[in-house]
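The chain contents come next:
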Amino acid sequence: MPGEKLSLYIHIPFCIKKCNYCDFLSFPTGGRNTPLAESYAHALLREAEALRGGCQVDINLNRNSPYLVDINKPIKSIYFGGGTPNILNSEWIVRVLCKLNEIFTIDETAEISIELNPGVYEEKERHRELKALRAAGINRISTGLQSAHSAELKRLGRIHDLTAFLRLYEEALNCGFENINVDLMTGIPLQTCDTFARTLERVLELRPKHISAYSLIIEEGTPFGEADLKSLDLPEEEEEYEIYLMTRRILEQAGYRRYEISNYALPGYECAHNLVYWDRGDYLGLGLGAASLIGDLRFSNTKELNKYLAAPGRTRENIQRLSQQEAMEEFMFLGLRKTSGVRKADFKRMFGRDLEEVYGEVIEKQVGLSLMEEDRDGVRLTERGIDAANEVMAKFLL
Ligand code: SF4
């Protein structure tokens, strides 16, 4: 819930090469630790240092009287995402983390995650790098396998194969990481129910604490977005739906609880950082393009690399003070992504109004259509509702 704690997101906008489907804010560098990536790490340190006096946001674009956002709260989670955070030598990640430790009060139990691309480390550095990250207090790894099949990975333009993933996974365990997420992707070129079943089987042999299974979205401006759809060899819609149902069935049978539309965890290993987003909690983003939400204030850093490098900490833009109505809508969209849905008590605490008073009619209608269910505690999507999640959520626009 907003107000009590804060989460931090640190964006590393570089990858060895761009994947064919990716429209995230990241630039291909061709290798690790390039001078540009190191300049960027310096800029991150400067941005963090500038937070010592609080987080200044020019709400009225009036640099003479910037608004000071309250960031003086304990940190409950930190997430190094990208891009590819392990494109930077661990030394840089550790330096950023130390800087954050100087500036913020990080909870002893804070979840501190980093995304690692399995194709980045060379054999000789893998152990040293992972050991250094663990020693610095990082306690959760999120790594993208996407598929266990070389042909599928190749079509996605990933830089690793299953072997590289397994080596990273094994070494991460050796270095003391027990909380590991594996990202998988459905609806990708060449995929069938059989190939994805095999991918799931390989991953379940490892029994990671958390598995994400997102379906491929073809984004404009990516190589996939530019290609003729037929040439992509995507699974047919029915097969993709079969894959989706199978994923849920196999993971639930294996003891994973689906706690968000695309996320599964063993009990107690739900991602604390992502839950902050879905609960519409407070988070501050550092780095290029990083987004923040603190109370009713939403803003993000510039997406222009040169601008960011020139003045880190002074490029906050898209500043928006949300009305209560906008905040309520967001709260519903995000909260309904969780299988536990939205708790009535949380809605009341956030907005001082009863959920029924604001959304009673919409909820009644969706319950009547078996798309939602309601009890004394709250409301949530049914399985049918999850299948039509976008349409159901759109009903919560006031
Ligand atoms: S590694 Fe991740 S961020 Fe980088 S290009 Fe591929 S999908 Fe995008």
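Sequence positions are assigned chain by chain, starting from 1 and proceeding in written order. Given that the model is predicted, a residue must reach a pLDDT of at least 70 before its local features are reported, and side-chain atom pairs must reach 80 or more before they are shown or counted; all residues, however, enter totals for whole chains, interfaces and linings. Note that the side-chain values use all heavy atoms of the structure and ignore hydrogens as well as water.

**Examining the nonpolar core**
Step number 1: By nonpolar core is meant a set of buried Ala, Val, Leu, Ile, Met, Phe, Trp, Tyr and Cys residues that side-chain atoms within 4.5 Å join together. A 1.4 Å probe rolled over the protein chains alone gives each residue an accessible area, and that area as a share of the maximum for its type sets the label: buried under 20%, exposed over 50%, partly exposed in between. With 73 residues, the main nonpolar core has Leu8, Ile78, Phe104 and Leu284 as its most contacted residues.
Step number 2: The helix and strand labels rest on DSSP assignments: H or I over at least four residues marks a helix, E over at least two residues marks a strand, and numbering proceeds from the N terminus. Per-element tally for this core: the top contributor is helix H1 (residues 35-50), with seven residues.
Step number 3: Setting aside its immediate chain neighbours within four residues, Phe104 contacts Leu6, Leu8, Leu51, Ile71, Ile75 and Leu284.
Step number 4: In terms of nonpolar packing, the next biggest core, distinct from the first, is built from 23 residues, Ala327, Met372, Val392 and Met393 among them. Contacts are assigned to residue pairs that have any heavy atoms within 4.5 Å of one another.

**Quick word on the domain arrangement of the protein**
Step number 1: Each domain's extent is set by a domain assignment, obtained either automatically or from a database. Each assigned domain of the protein is listed here: domain 1 (6-276) and domain 2 (324-398).
Step number 2: Computed over C-alpha atoms only, the centres of domain 1 and domain 2 are separated by 29 Å.
Step number 3: Taken together, the 10 residues of domain 1 in the interface contact eight residues of domain 2.
Step number 4: Buried area counts how much accessible surface, traced with a 1.4 Å probe, disappears from two parts once they are put together, with both parts' losses summed. At the boundary of domain 1 with domain 2, total buried surface from both sides reaches about 790 Å², with 47% on carbon and sulfur atoms.
Step number 5: By convention in these notes, a salt bridge is any Lys or Arg side-chain nitrogen within 4 Å of a carboxyl oxygen on Asp or Glu. Where domain 1 packs against domain 2, one counts three salt bridges.
Step number 6: By the criterion applied in these results, polar contacts are pairs of N or O atoms within 3.5 Å in which, for protein atoms, one can donate a hydrogen and the other can accept it, and in which residues neighboring in sequence qualify only through two side-chain atoms. Connecting domain 1 to domain 2 are eight residue pairs in polar contact (both at pLDDT 80 or more).
Step number 7: For the side of domain 1 that touches domain 2, the elements supplying multiple residues, two or more each, are helix H8 (237-253) and strand S11 (257-260).
Step number 8: By residue number, the principal contributor to the side of domain 1 that touches domain 2 is S11, which donates four residues.
Step number 9: Here the side of domain 1 that touches domain 2 is built from residues that sort into five nonpolar, one polar and four charged. Polarity classes work like this: nonpolar for Ala, Val, Leu, Ile, Met, Phe, Trp, Tyr, Cys and Pro, charged for Asp, Glu, Lys and Arg, and polar for all others, with Gly in that last group.

**As for the pairing of strand S8 (residues 140-146)**
Consecutive side chains of a regular strand alternate in pointing toward one face of the sheet and then the other.
Step number 1: Most of S8 sits out of view: seven of its seven residues are buried.
Step number 2: In S8, alternate side chains face the same way, and those of Arg140, Ser142, Gly144 and Gln146 on one face and Ile141, Thr143 and Leu145 on the other are all buried.
Step number 3: Following DSSP output, two strands are said to pair if at least two bridges run between them. The pairing of strand S7 (residues 106-116) with S8 spans four bridges and is parallel. Residue pairing across strands places Ile114 opposite Ile141, the latter belonging to S8.

**Quick look at the site of the ligand**
Step number 1: Proximity is defined per residue: if any heavy atom of the residue lies within 4 Å of a molecule or strand, that residue is considered near it. Taken together, Cys15, Lys17, Lys18, Cys19, Tyr21, Cys22, Phe24, Gly83, Thr84, Asn117 and Arg158 form the complete shell of residues around the ligand.
Step number 2: Grouping the amino acids of the shell around the ligand by side-chain chemistry returns five nonpolar, three polar and three charged.

**Quick look at H8**
Step number 1: Between its terminal C-alpha atoms H8 stretches 24 Å, which fits the 24 Å expected from 17 residues at 1.5 Å a residue.
Step number 2: Taken together, the buried positions of H8 are occupied by Ile243, Met246, Thr247, Arg248 and Leu251.
Step number 3: Buried residues belonging to H8 abut strand S9 (180-186), helix H6 (193-206), strand S10 (210-215), S11, strand S12 (263-265) and helix H14 (383-387). For a helix, the expected span equals 1.5 Å multiplied by the number of residues minus one.

**Some points on the sheet that holds strand S18 (residues 372-374)**
Step number 1: As summarised here, the arrangement of the three strands in space is S17-S19-S18, forming an open sheet in which the pairing is antiparallel. At either end of the open sheet lies a strand with only one pairing partner, and these are strand S17 (342-343) and S18.
Step number 2: Relative to strand S19 (residues 378-381), S17 is paired through two bridges, and the arrangement is antiparallel. The residue of S19 that forms the bridge with Val342 is Val379.
Step number 3: Note on geometry: axes are lines fitted to C-alpha atoms, helical ones only across the stretch in contact, with angles between N-to-C directions running from 0 to 180 degrees. Together, S18 and S19 form the strand contacts of helix H13 (residues 355-368), whose direction differs from that of S18 by roughly 130 degrees.

**A closer look at the environment of Leu284**
Step number 1: As for its position among the elements, Leu284 is in strand S13 (residues 282-286).
Step number 2: Looking at Leu284, the relative accessible area reads 1%, which means it is buried.
Step number 3: Residues Leu284 and Ser300, spaced 16 residues apart in sequence, show a C-alpha to C-alpha distance of 8.9 Å.
Step number 4: Ignoring anything within four residues of it in the chain, the contact list for Leu284 reads Leu6, Ser7, Leu8, Tyr9, Leu51, Cys55, Ile71, Phe104, Ala291, Ser292, Ile294 and Phe299.

**Focus on unusual backbone geometry**
Step number 1: At the junction of Gly82 and Gly83, the peptide bond is cis and its omega measures out at 15 degrees in the coordinates.
Step number 2: Of note, Arg280 is a non-glycine position whose phi angle comes to about 55 degrees, a positive value.
Step number 3: Along the chain, the position of Arg280 falls in the loop between helix H9 (272-278) and S13.
Step number 4: Look at Asn318: it is not a glycine, yet its phi comes out positive at around 50 degrees.
Step number 5: Among the structural elements, Asn318 can be located in strand S16 (residues 316-321).

**Points about the pairing of strand S14 (residues 291-294)**
Step number 1: Bridge count between S14 and strand S15 (residues 297-301): four bridges; the pairing is antiparallel. From the neighbouring strand, Ala291 faces S15, where its bridge partner is Ser300.
Step number 2: Adjacent in sequence and paired antiparallel, S14 and S15 are bridged by two residues, among which Gly295 carries a positive phi angle near 60 degrees.

**Overview of the packing of aromatic side chains**
Step number 1: The rule is short: rings of Phe, Tyr and Trp, with Trp giving its six-membered ring, pair when the centres are within 6.5 Å, and they are stacked under 30 degrees, edge-to-face over 60, tilted in between. Counted under the stated rule, the structure contains 13 aromatic pairs.
Step number 2: With centroids separated by 6.2 Å and ring planes inclined at 20 degrees, the aromatic side chains of Tyr9 and Tyr79 adopt a geometry described as stacked. Residue Tyr9 is found in strand S1 (residues 6-12), and its partner Tyr79 is found in strand S6 (residues 75-82); the two are separated by 70 residues along the sequence.
Step number 3: Each ring, one from Tyr359 and one from Phe396, has its centre 4.9 Å from the other, and the planes form 55 degrees; the classification is tilted. You can see Tyr359 sitting in helix H13 and its partner Phe396 sitting in the segment after helix H15 (389-394), a full 37 residues away along the chain. Phe396 shares its class with Tyr359; the two are buried.
Step number 4: Throughout this description, the term charge over a ring refers to an Arg CZ or Lys NZ atom that lies within 6 Å of the ring centre and within 35 degrees of the ring normal. Over the ring of Phe177 we find Arg134, and its NZ or CZ is 5.7 Å from the ring centre.
Step number 5: Between Lys209 and the ring centre of Tyr269, over which it is positioned, the NZ or CZ distance is 5.3 Å.

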